[in-house]
Every structure is written in C-alpha cells, then in structure tokens.
Amino acid sequence: MIFEGKALQVQEIESGVVELLFNAEGSVNKFDDTTVSELGSALSKIEAHPGLKGVLVTSGKSAFIVGADITEFTSVFKGGALAIKAHLKKNLDNFNRLEDLPVPTVVAISGFALGGGLEFALSCDFRIAAEDARVGLPETKLGLIPGWGGTCRLPRIAGVPTAVEWICSGSDNRANDALTAGVVDGVVAVESLRESALITLRRCMSGELDYKTRRERKLQPLSFNDIESMMAFETSKGFVGAQAGKHYPAPMEAIKVIERSAKLGRDEALPLETDGFTKMALTSAAQALVGVFLSDQYIVKKAKDMAKQSDQSVSDTLVLGAGIMGGGIAYQAALKGLNVSMKDIAQSGLDLGMSEAAKLLTKRVNRGKMKADGMAGVLNRITPTLTLDAEIGSDIVIEAVVENPKVKHAVLADVESRVSDGCVVASNTSTISIDYLAESLNRPENFCGMHFFNPVHAMPLVEVIRGAKTSESTVARTVACAQAMGKKAIVVNDCPGFLINRVLFPYFAGFSMLVRDGVSYQAIDKAMENWGWPMGPAYLLDVIGMDTAVHCETVLSEGFPDRMGKTFKAAMDVMYENERLGQKNGKGFYDYQKDKRGKPKKVVSEEALSLLAPHVSSATELGPDDIVARMMLPMATEIARCLEEGIVASPAEADMALLYGLGFPPFRGGVFRWMDDLGVDKICEMASSFENLSPLYQSTAGMLDKAEKNESYY
Ligand code: NAD
C-alpha cells in the first residue's frame, strides 16, 4: 500500500501503475476536509513513486464522488473572502498536481460524479463512465459557480455551449449524454468499468492514445476567434439572464468567468474562477440556498428516522372523497406504487377523480416520463368505489371529503368502525381543529391531520398534524405514508390554521391593511413579485379562491381574535360578497381570460377596482420596501410565535414548510433566514414602527430576546 487514509488509498496494481481509490469510511465519497488533506498527501506519494507509469482513479462505492461537503460551507463562508479562497485553493492545487503528473491519468466514473466530483474527473486525461453514471456541475443551484476548475476545464474539454448549458442549468446528465457532449470518453457496463478504464490507461502508456495533446488543450486558452466567442457569450448571457432572473446571479457570473478566462491558460484562468466563486459565496442568495440545501437534508433525515419508527409500512390506502384533493391524493399514491381505494358518494366525483388522474398520466407519457403500460398500471392501482366494506384492511385512511365538521365527524366515525384497531385515520382538513375532529372517534390516538396542498402532484409539502391525543406511532405511520408518496413531511402541532395557513393569513392581513390604506393591489403584487414571491397576494388569493380564503380567514380570526380578529372589511371579503371568487369563476381581484394554451391570463378589472373604492382611503403611494415590510412582518411575528409555542419544532422545518407549501422564494431561504439576514434587531425595530397598525406587528418575546442578545435563528 502506497497510501492508506480514511477516505482514500493508493496502491500499485501492476508495474508502475497505481490506483487511487476513493472509499470513504462510513460515508459517501465527498470532498470534505479529511479527503482534501488526504488527497494532498496521496499525491505526494504518487509524485514520488519510483517508476510511475500511469494512474487509475476509481471509487469503492456505487457513487464516484458526490461533490464538496456542503456542511462545511456555512463556516467557511462566515470566514469571509480569505477563508473561502483558502478553502478552494487546497483542492485546486490537488487537481492541478494530478493534471500535471508526468504520466497519464484515467478515471472510472460510476454513479454520481457531481460538482467537485466531476471537476476532479475533468482534471484526469481520460474519463470512462459506467452506464449508471450521472455527471454534472450543480453549483449554480446553490447560488455558486464551480470553484475547483469546472469553468476552466469543461469549456476546454467539451466546448463553450456545453459548458454554459451544464453549468447554468446545474443539471445532472446521464452517461450517454455526457458521451455525446464529449465530457466523457467512453460508456461501458458497470461490471466492466474498472477493467475498461485500466485498458484505456494501458493504451495511453503504450502511446496508442495521445494523452499529452488532449491535456495540453486544457492548459491553453480556448481556441476560437473573437466574433465566434462574442456571439456565443452574448447569446447565452441574454438567454440565461432571462431564465435565471435578477435574484439568481450565479449562472450569469459563471458565463462571465468563462468569457473572461477564454483567452487565458489554466493557471491564469483559475484565479478568475476563484474570484467569481468568492463573490457568489458572499451573496445572501448563496448563503440562503446553501442553507436551504442543508435544511432539506435535515427534514428528509428527520422524516426518514420518524418513518422508521412506524410499526408498519404503508402499502394499502383508502382515500375518502374523490374531489380536487382526494383525486389528487389517490393519483399521487398510485403513481408511487401504493394500492388505493377511492371512495365518494357520487359517481360523478369518482369519474372526475379518475379522469383527472388519467389526464396527468397522459401528460407524463407525452413527455416521455412514463410508458403507456406504466400508465395502465397506475390507473389499475386505483379502485373507485361508492360503498365501503364492513371490514377495511387498509394501513391508512386519508379523509378528503367536504370541509364541513358535521360531515367529517360522521365520515370519520363510520370509517373508524370498519378499520382494524391499528389502522391510522388521517384528515386532509385545511381548517378544522384535529382535536375537535378527534372528538367523534373512539381511538383518537390513531388519528391526525395530513394536510396536502393543491395541486397535490405538484406541491411537495405535507403537514402532518399531531393532535393532543395523537400517538407517536400514528405520526410515524403518516410520515411514512407521505414519504412513500414522494412528499416532504413536516410534523406540526394542532392549532387554528396549523402552520402554513396560520402564517399565511397574517401576511394576507398585511395585504388587507395596505389596500384599506389606499395602496393599489397591483402595486402590492408587483412589489412582492419583485421581492421574489411567485405571485403577489392579490393574484394568490385569486388562485386559492375567495370562498376558501374567507373561510380560512374566519377560522383564524376566531382562533386568534386578539390579533387576527376582523376590525374592518377586508378586500377579500369585498370580492367574496360580490361573487368575485377568483380564477374558479374567472373574476377576482383581476379578470381572467384564457390564453392561447387555454391557461387563465389575468387582466386589470375595472369592476374589482370600483367595488373596492368605497372601502379604501384615498390613493397612497408607498415604496416597495415599505410594502414588503408591511406584508412580511406579520408573517414573521406569527412564525416566531409558532416556534415559541412549539407548533413547529425548528426554524429549519418552518422555513422549509414555507418553501414547499407556499413557494416562498428559495433565494431568501425562508422567513427565519430573512430575519437573520436583516438581523433580528433590525426586524424588531421595523416591526415597532408599524405597531400602531395591528398587534400582528408586535415582536414576540423570543424575537426581542434574540435582538437583545444579538442572536440569530440559525
Ligand atoms: P371537493 O369539493 O373538490 O371534493 C370533496 C369530495 O368529497 C366530493 O367529490 C364529494 O362528493 C365528496 N364527499 C362528500 N361527502 C362524502 C362522504 N360522506 N364520503 C365520501 N365522499 C364524500 O373538495 P376538495 O377541495 O377536494 O377538499 C376536500 C378536503 O381537502 C377539504 O377538507 C378541504 O378543506 C381540504 N383541502 C382542500 C384544498 C384545496 O385547495 N382544495 C387544499 C388542502 C386541503
């Protein structure tokens, strides 16, 4: 053995040929501190190895190297520019040393080679991939650019268009696509990967393959003339700029770095990449997106651990109600391989549920995401029914009938009498208290909330709501079910509105007060969309539907009268009373007309404006910062209250719930991250300046405490 560490080993496998094997102890292969340091030491041994003729790079895991260790980023980024550059340099030096060895290097790529994993492979002379390989540079998804040579080596290996496309989209690519793009040199069966890579190495060693010329190309400026380069860069800047938008500067920065370094050799180009990476790493967008990545890992792990506690896996489900939600839930469960019985009282409901499922599946087939027989399989797993058996063998029942407590009480009690003692019963109610619904049940411990979002197939979040009597095994099985359905489960405790609606409606209260005070709702929508929300509040209310929104607003005003009680006629009430329900009947704050593709397109509504006129003060113009503050602060104080009351267990879960349930702008990372970004003291100061408007602008005890101690939520 030439070198043996915790993450990698080097040994001579035949005369003069050494194998550098990545095989991290107890984890996937990644470039963490240990691996980077060991790689440096291993390279010293390789460089000094007598009679060295070639280096084979392999992985002892099913995945090659998944990339940098992102858990290290937060502390590195906190250290500022110098710390970031030092962090990059250590591994950049490693990659250059490998590239500069006086012998050929061939890498065998299996499974994932992402980010730093692919950048490392790019510093080898030849890349042989297994059929299962997935390669890409996903850094821009974290608000960063590749930092270990990707912006320099990829365009020199595969050309500028491929480099721009791969880096700006952050996509991971299949082995065959990588071969077509020229990123890898061969694709072979998984079993013959190592042997094929070794044969390639021997061919380099014998001179049959000219590794030196292709290596030289990576060290030189890009070879194309000024007009070509200007066209390539200008076209991609226009396209990428429009796609990514102003809140996601990393893709554009990546193009600029590739452009600036086009006429430079490797050693002059890499410092430009380091500068670009550092600039991006110091943006709040990158810090939020890295935070989101880590929080996502946290919630997924927490849900997995919880699901493991379930005494039973979930394979058979019964969905009660085949409406918008029940139909969507049945479709999603069947798509993921669960058997579903779908019960409704009306044949028309069942027919609608099945035809909606068929429509969604047809779209998947048309997009090439599914084969026609797969579609039949999914539909066959859904059994529509108008009657319930006397004994039901399901592992879980998901109730999604009309939002009426009386109907729900009756339906839940009836189904409880038919299921086994161990069956979990969950309700998809969006507003009715779980403890109140449990009152009709003999086994309230087996009951909880399972709140999906509309449209079910597209929205990742499921709020699992624990009632006062819900047992932990019920929570565990419900989380296991959400996971089996491919959803992100976040467990919260019962309260009016649960987590999402409880914090969404204070935001809508901010909206209602702004409109009352004379600010136009179009201006509010524009300010909030510019801030990053996918749609402004008026538009969002039109999408949710005014009847649903007013109902929820009433539940919350009764639940929290001190701060959410109605004190004036809100704009949504005016719309509702005038039957302007939103997109569902083509008129709300806006009027809706179908566009060419049949999708609703919003236009200004003179009628809506004149209906509101008697309820609003004379027109007031507020700057976007004031609008954002008045909209976001009620959401912030309410989410802080939810944390302090234990409704949600951590800032990470709260923020991820907002991202997955409401489409909260990812580059802001969530409300707690937004508060941290501005500083909790500044948030409290801003809130106090609006305190006269409503108690929703009062900072909580926890916020004030953090502000005083200069602490943050993360
Ligand atoms: P919906 O009106 O589209 O569907 C309700 C279905 O329940 C209808 O098909 C109806 O025939 C059926 N039904 C009524 N009584 C029944 C019974 N006794 N047994 C079986 N089926 C019965 O309503 P929806 O929008 O799908 O909402 C269903 C539930 O999901 C509600 O609790 C709602 O609050 C909740 N929810 C809705 C949304 C949303 O955006 N629509 C989002 C989250 C949660």
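For clarity, every value in this text was computed on a predicted model and none was experimentally measured.

Rules of the game
Residues numbered from 1 in each chain as written. Predicted model: local features only at pLDDT ≥ 70, side-chain atom pairs only at ≥ 80, totals over all residues. Heavy atoms only, no water. UniProt positions renumbered as here; feature names shortened; annotations may be inferred. Helix = DSSP H or I, 4+ residues; strand = E, 2+ residues; numbered from the N terminus. Near = heavy atom within 4 Å. Polar contact = N/O pair within 3.5 Å; in protein donor to acceptor, adjacent residues only side chain to side chain. Nonpolar A, V, L, I, M, F, W, Y, C, P; charged D, E, K, R; others polar. Salt bridge = Lys/Arg side-chain N within 4 Å of Asp/Glu carboxyl O. Buried < 20%, exposed > 50% of the residue type's maximum accessible area, 1.4 Å probe, protein only. Expected span 1.5 Å × (residues − 1). Contact = heavy atoms within 4.5 Å. pLDDT = per-residue confidence, 0-100. Axes fitted to C-alpha atoms, helices over the stretch in contact; angles between N-to-C directions. Parallel < 35°, antiparallel > 145°, perpendicular 65-115°, else oblique. Core = buried A, V, L, I, M, F, W, Y, C linked by side-chain atoms within 4.5 Å. Pairing = 2+ DSSP bridges. Patch = residues over 30% accessible without salt bridge, like charges linked within 9 Å, V, L, I, M, F, W, Y side chains within 5 Å. Areas by Shrake-Rupley, 256 points an atom, 1.4 Å probe, with all protein chains shown as cover. Phe/Tyr/Trp six-rings, centres within 6.5 Å; stacked < 30°, edge-to-face > 60°. Lys NZ or Arg CZ within 6 Å of the ring centre and 35° of its normal.

Caption draft 1: The arrangement of the UniProt feature "domain: 3-hydroxyacyl-CoA dehydrogenase C-terminal" (unreviewed entry) in the protein in detail. Mapped onto this numbering, the UniProt entry gives "domain: 3-hydroxyacyl-CoA dehydrogenase C-terminal" (unreviewed entry) at residues 497–592 and 627–687. Helix makes up 64% of residues 497–592 and strand 3%. Its end C-alpha atoms lie 29 Å apart. Between the end C-alpha atoms of residues 627–687 the distance is 13 Å, and the span holds 75% helix and 0% strand.

Caption draft 2: How the structure looks around the site of the ligand. Neighbouring residues of the ligand: 19 residues in total, closest M325, D344, E403, K408 and S430. The separation between an oxygen atom of the ligand and a polar side-chain atom of D344 is 2.5 Å. The backbone of V401 places a nitrogen or oxygen atom 3.3 Å from an oxygen atom of the ligand. Of all elements in the fold, only α14 (324–335), α17 (405–416) and β16 (447–452) reach the threshold of two or more residues within the shell around the ligand. Considering only residue class, the shell around the ligand consists of eight nonpolar, seven polar and four charged.

Caption draft 3: Highlighting the pattern of salt bridges. Summed over all chains, the structure comprises 43 salt bridges. Two residues, E253 and K279, come together in a salt bridge whose shortest N-O distance is 3.1 Å. One end of the pair, E253, is in helix α11 (residues 250–260); the other, K279, is in helix α12 (residues 266–281), with 26 residues separating them in the sequence. A residue is classified by how much of its surface remains accessible, and K279, at 47% relative accessible area, is partly exposed. The salt bridge involving K566 is made with D573; its shortest N-O contact spans 3.3 Å. According to the relative accessible area criterion, K566 is partly exposed, its value standing at 42%. One network of salt bridges, with partners in common, ties together E99, D100, R153, K218, R266 and D267.

Caption draft 4: Broad picture of helix α1 (residues 33–47). For α1, spanning 15 residues, the distance from its first C-alpha to its last is 21 Å, which sits close to the expected 21 Å at 1.5 Å a residue. All of the buried residues along α1 are T35, V36, E38, L39, G40, A42, L43 and I46. Buried positions along α1 lie against β1 (3–4), β2 (8–14), β3 (17–22), β4 (54–59), α3 (80–99) and α4 (116–122).

Caption draft 5: Structural view of the confidence of the model for the protein. For the protein, per-residue confidence averages 96 on the pLDDT scale, and 100% of positions sit at 70 or higher. In the predicted complex, the global pTM is 0.93; the interface-specific ipTM is 0.98.

Caption draft 6: Summary view of the packing of helix α22 (residues 537–544) against helix α23 (residues 546–559). At a closest axis distance of 6 Å, the pairing of α22 and α23 adopts a crossing angle of 105 degrees. When the interaxial angle is binned, α22 and α23 end up roughly perpendicular. In this structure, α22 uses L541, D542 and I544 to contact α23, whose residues at the interface are M546, T548 and A549. The residue makeup of the contact of α22 with α23, split by class, is four nonpolar, one polar and one charged.

Caption draft 7: Structural view of the environment of K141. Among the secondary structure elements, K141 is positioned in the loop between β8 (134–136) and α5 (150–158). For the pair K141 and Y248, spaced 107 residues apart in sequence, the C-alpha to C-alpha distance is 8.9 Å. The contacts of K141, once residues within four sequence positions are left out, are S169, G170 and L289.

Caption draft 8: Here's a closer look at the nonpolar core. F511, M528, F589, M632, V671 and M675 are the most contacted members of the largest nonpolar core, which has 102 residues in total. Here this core gets 12 residues from one element, more than from any other, and that element is helix α27 (residues 624–644). Leaving out residues up to four positions away in the same chain, F589 has contacts with F511, Y521, A538, L541, D542, M546, A571, M572, M575, S605, A608 and L612.

Caption draft 9: The arrangement of the sheet that holds β3 in detail. Read across the open sheet, the seven strands follow the order β1-β2-β3-β4-β5-β7-β10; overall the sheet is mixed. Every other strand in the sheet has two partners, leaving β1 and β10 (186–188) as the edge strands with one partner each. Where β4 meets strand β5 (residues 105–109), three bridges bridge the pair, whose relative direction is parallel. Bridge pairing in β5 links V57 to V107.

Caption draft 10: Structural view of the UniProt feature "domain: 3-hydroxyacyl-CoA dehydrogenase NAD binding" (unreviewed entry) in the protein. Residues annotated in UniProt with the feature "domain: 3-hydroxyacyl-CoA dehydrogenase NAD binding" (unreviewed entry) correspond here to residues 319–495. A distance of 24 Å separates the end C-alpha atoms of residues 319–495, which is 41% helix and 21% strand.

Caption draft 11: How the structure looks around a nonpolar patch on the surface. A grouping of V28, V66 and F112 is seen on the molecular surface, where their side chains present a nonpolar patch of about 210 Å² in accessible area. Here F112 shows up in strand β6 (residues 112–114).

Caption draft 12: Focus on the packing of aromatic side chains. For the structure on display, the rule yields 24 aromatic pairs. For the pair Y539 and Y592, a centre-to-centre distance of 6.4 Å together with 20 degrees between the ring planes defines the contact as stacked. In this pair, Y539 sits in helix α22 while Y592 sits in strand β19 (residues 590–594), placing the two residues 53 residues apart along the sequence. Summarising the burial analysis for this pair, Y539 and Y592 share the class buried. Grouped by ring-pair contacts, the aromatic residues F505, Y507, F508, W531, W533, F664 and W674 constitute a single cluster. Cation over ring: R516 sits above F568, and NZ or CZ is 4.6 Å from the ring centre.

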